[in-house]
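Read off the chains here:
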Amino acid sequence: MSQRATLVRKASEECPSSRELDYNEPRRRTQSMSLGGERPHRGNVNSPRAFTMLRHDGLCKSEEYLDLRREKIEFGVDDDAVYAKFLSHRSCYDLIPTSSKLVVFDTQLLVKKAFYALVYNGVRAAPLWDSQKHEFVGMLTISDFISILHKYYKSPLVKMDELEEHKIDTWREELKAQLKSFVWIAPDDSLVDAVKTLVQNRVHRLPILDPINGNVLYILTHKRILRFLYLYIYELPRPSYMNKTLEELKIGTYDNIETATPGTTLIVALNQFVTRRISALPIVDPQGKLINIYAKFDVINLAAEKTYNNLDITIEQALKHRQNFEGVTKCSTTETLSAVMDRIVQAEVHRLVIVDPEGRVKGVVSLSDILAFLVLRPLNQPSLSTSSAD
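Residues numbered from 1 in each chain as written. Predicted model: local features only at pLDDT ≥ 70, side-chain atom pairs only at ≥ 80, totals over all residues. Heavy atoms only, no water.

### Some words on the pairing of strand S5 (residues 135–141)
Definition in use: Type-normalised accessible area, obtained with a 1.4 Å probe on protein chains alone, sets the label of each residue: buried when under 20%, exposed when over 50%, and partly exposed for intermediate values. In this text, helices come from DSSP runs of H or I with a minimum length of four residues, and strands from runs of E with a minimum of two, each type numbered from the N-terminal end. Any two strands with at least two DSSP-identified bridges between them are counted as paired.
Across the seven residues of S5, six count as buried, placing the element largely inside the fold. Where strand S4 (residues 125–130) folds back on S5, the antiparallel hairpin that results is connected by four residues, among which histidine 134 adopts a positive phi of roughly 60 degrees.

### What about the confidence of the model for the protein?
Our working definition: Confidence scores here are pLDDT values: one per residue, from the predictor, ranging 0 to 100.
On average, residues of the protein carry a pLDDT of 81, and 78% of them reach 70 or more. Here strand S1 (residues 6–9) stands out as the element of the protein with the lowest mean pLDDT, 30, in contrast to strand S10 (residues 330–331), whose mean of 98 is the highest.

### Description of the packing of aromatic side chains
Just so we agree on the cut-off: Pairing of aromatic rings covers Phe, Tyr and the six-membered ring of Trp, with a centre-to-centre limit of 6.5 Å; geometry is then stacked below 30 degrees between planes, edge-to-face above 60, and tilted otherwise.
Scanning all chains against the criterion turns up 11 aromatic pairs. Note on phenylalanine 228 and tyrosine 232: the rings are 5.5 Å apart at their centroids and 70 degrees apart in plane angle, and the pair reads as edge-to-face. Residues phenylalanine 228 and tyrosine 232 agree in their burial class; the two are buried. Taking the centre distance of 6.2 Å and the plane angle of 20 degrees together, the rings of phenylalanine 273 and tyrosine 294 count as stacked. In this pair, phenylalanine 273 is assigned in helix H10 (residues 266–276) and tyrosine 294 in strand S9 (residues 290–295), connecting sequence segments 21 residues apart. When sorted by exposure, phenylalanine 273 lands in the same class as tyrosine 294, which is buried. One aromatic cluster in this structure is built from Phe86, Phe228 and Tyr232.

### Overview of the pattern of salt bridges
Applicable threshold: We define a salt bridge as a contact between a side-chain nitrogen of Lys or Arg and a carboxyl oxygen of Asp or Glu at a distance within 4 Å.
Applying the stated criterion across every chain yields a total of eight salt bridges. Linking aspartate 94 and arginine 90 is a salt bridge whose minimum nitrogen-to-oxygen distance equals 3.3 Å. One salt-bridge network, held together by shared partners, links Asp356, Glu358 and Arg360.

### Considering the sheet that holds strand S11 (residues 351–355)
Cut-off, in case you're wondering: Any two residues whose heavy atoms approach within 4.5 Å at even a single point are treated as in contact. Axis definition: a line fit to C-alpha positions, over the contact stretch in the case of helices; interaxial angles, taken between N-to-C directions, run 0 to 180 degrees.
Strand order in the open sheet formed by three strands is S10-S11-S12, with mixed pairing between adjacent strands. Either end of the sheet is taken by a strand with one partner, and the two such strands are S10 and strand S12 (361–366). Packing of helix H13 (residues 337–346) onto the sheet brings it into contact with S10, S11 and S12, and relative to S11 it is tilted by some 130 degrees.

### Points about the pairing of S9
Where burial is concerned, most of S9 is hidden: five out of the six residues are buried. Of the strand pairs in this sheet, strand S8 (residues 280–284) and S9 are connected by five bridges, and their pairing is antiparallel. Along S9, the bridge assignment pairs alanine 280 with alanine 295. Counting the residues between successive antiparallel strands, the hairpin from S8 to S9 contains five residues, one of them, glycine 288, with a positive phi of roughly 80 degrees.

### Some words on unusual backbone geometry
The residue histidine 134 is not glycine, and still its phi comes out positive at about 60 degrees. Assignment of secondary structure puts histidine 134 in the loop between S4 and S5. Positive phi, normally seen in glycine, also occurs at glutamate 348, with a value near 55 degrees. Here glutamate 348 falls in the partly exposed class, since its relative accessible area comes to 38%.

### Some thoughts on the nonpolar core
Formally: Only buried Ala, Val, Leu, Ile, Met, Phe, Trp, Tyr and Cys residues count toward a nonpolar core, and they belong to the same one when joined by side-chain atoms within 4.5 Å.
In this structure, Leu220, Leu226 and Leu374 are the most contacted members of the largest nonpolar core, which totals 55 residues. The leading source of residues in this core is helix H14 (residues 367–376), at eight residues. Not counting the four nearest positions on each side in its chain, leucine 226 is found in contact with Met341, Ile344, Val345, Leu367, Ile370, Leu371 and Leu374. Of all hydrophobic cores here, the second largest spans 45 residues; its members include Phe115, Tyr153, Ala303 and Tyr308.

### Some words on the packing of helix H4 (residues 142–152) against helix H11 (residues 296–304)
The cut-off we apply is this: The cut-offs work like this: below 35 degrees is roughly parallel, past 145 is roughly antiparallel, 65 to 115 is roughly perpendicular, and the gaps in between are oblique. Crossings are sorted by hand: turned counterclockwise from the far helix by less than a right angle, the near helix makes the crossing left-handed, and turned clockwise it makes it right-handed. When residues are sorted by character, Ala, Val, Leu, Ile, Met, Phe, Trp, Tyr, Cys and Pro go into the nonpolar class, Asp, Glu, Lys and Arg into the charged class, and all the rest, Gly among them, into the polar class.
Where H4 contacts H11, the axes come no closer than 9 Å and their chain directions differ by 65 degrees. Taken together, H4 and H11 sit at an angle that is classed as roughly perpendicular. As H4 runs across H11, the sense of the crossing is left-handed. Facing Ile142, Ser143, Phe145, Ile146 and Leu149 of H4, the residues of H11 in contact are Lys296, Phe297, Val299, Ile300, Leu302 and Ala303. Within the contact of H4 with H11, the residues separate by chemical class into nine nonpolar, one polar and one charged.

### Comments concerning the environment of leucine 102
In this fold, leucine 102 is placed in strand S3 (residues 101–106). For leucine 102, a relative accessible area of 4% gives the class buried.

### Examining helix H7 (residues 191–200)
Of all 10 residues making up H7, seven are buried, and the element is well covered by its neighbours. Among the residues making up H7, those that are buried are Leu191, Val192, Ala194, Val195, Thr197, Leu198 and Val199. Positive phi shows up at arginine 202, right after H7, with a value of about 50 degrees.

### Focus on the packing of H7 against helix H8 (residues 222–231)
Interhelical geometry of H7 versus H8 gives an angle of 145 degrees and a closest axis separation of 11 Å. Relative to H8, the crossing made by H7 is left-handed. Mapping the contact onto sequence places Leu191, Ala194, Val195, Leu198 and Val199 in H7 and His222, Ile225 and Phe228 in H8. Tallied by class, residues from the contact of H7 with H8 come to seven nonpolar, one polar and no charged.

Encoded structure:
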């Protein structure tokens, strides 16, 4: 596979050591990445909905939309593994957009500037390059920012010098016992392999590495895989379980659901994120009814506004700065998997909060839960996923 990248160095003082890769040139698909050694099929778009989503996601041009009638995939009647079979015939390369932004950090960059760069570039994670080892060694995510705040925050009166002065490499050395190995996948690996790697390693972002030159080509996520599958959901055979409810299928997490109130302080919320390994906190009123949600992604606003030195403020105060929030996306246990999948994809969220008829929080169902059920369960693959693991 060949793909050239234009390297643009950011001159901003906020991130002098970050790199932004912009992939703008057309990609050539090799025979090894298509079925049966043939070049990929160029069918017509069969639905306006699919065409709109393709253009929005940049997955491919309209003439590259897959005509499933020409795909050599055998499906049985009420095939339980229909989605696993479909994704096993598609490669990770198929989900790399024709143009995308990728920010890479050198481990010698200051931690503070790295998180400013994430905000500046509108990305949630970045691969880490070790210039001494000449290899990628990990990912910098919002979870790292939360861990730093959780570890070093004392009070609004005590400055966090570690955040101001530490390099990424220093931070990684202090937490080396907790660090995961760098998990990645090759472009010609199947999307089933990608789902398995994401779910079983409990990661939300999976770098696709060029096996020849070692460059990161794209960061794959649960959301992008499920959205790709959703493009063809009405053209593939429909398993009967899609018409069953979450309660019948036992999808989601229902035990020991962590919640918070509007008056919960940020430092308490961060402690819940770290100790419980969750990615979001449903916010409830005194009756336990869902009124809002505070997610890990909201914490990055502290870096954007440079307000991380006071974590004694409440969640309610912190959320006043949130923009373009359209409310908590929720569902019930009596809704079908089909309805839940429609909602989570169209809302472009990472999870749905499960509520009872009175609006009280009962559980959480995540993208990882859904992909594990659709793809790994039929293949008898173990799932280590929980709805809120990060």
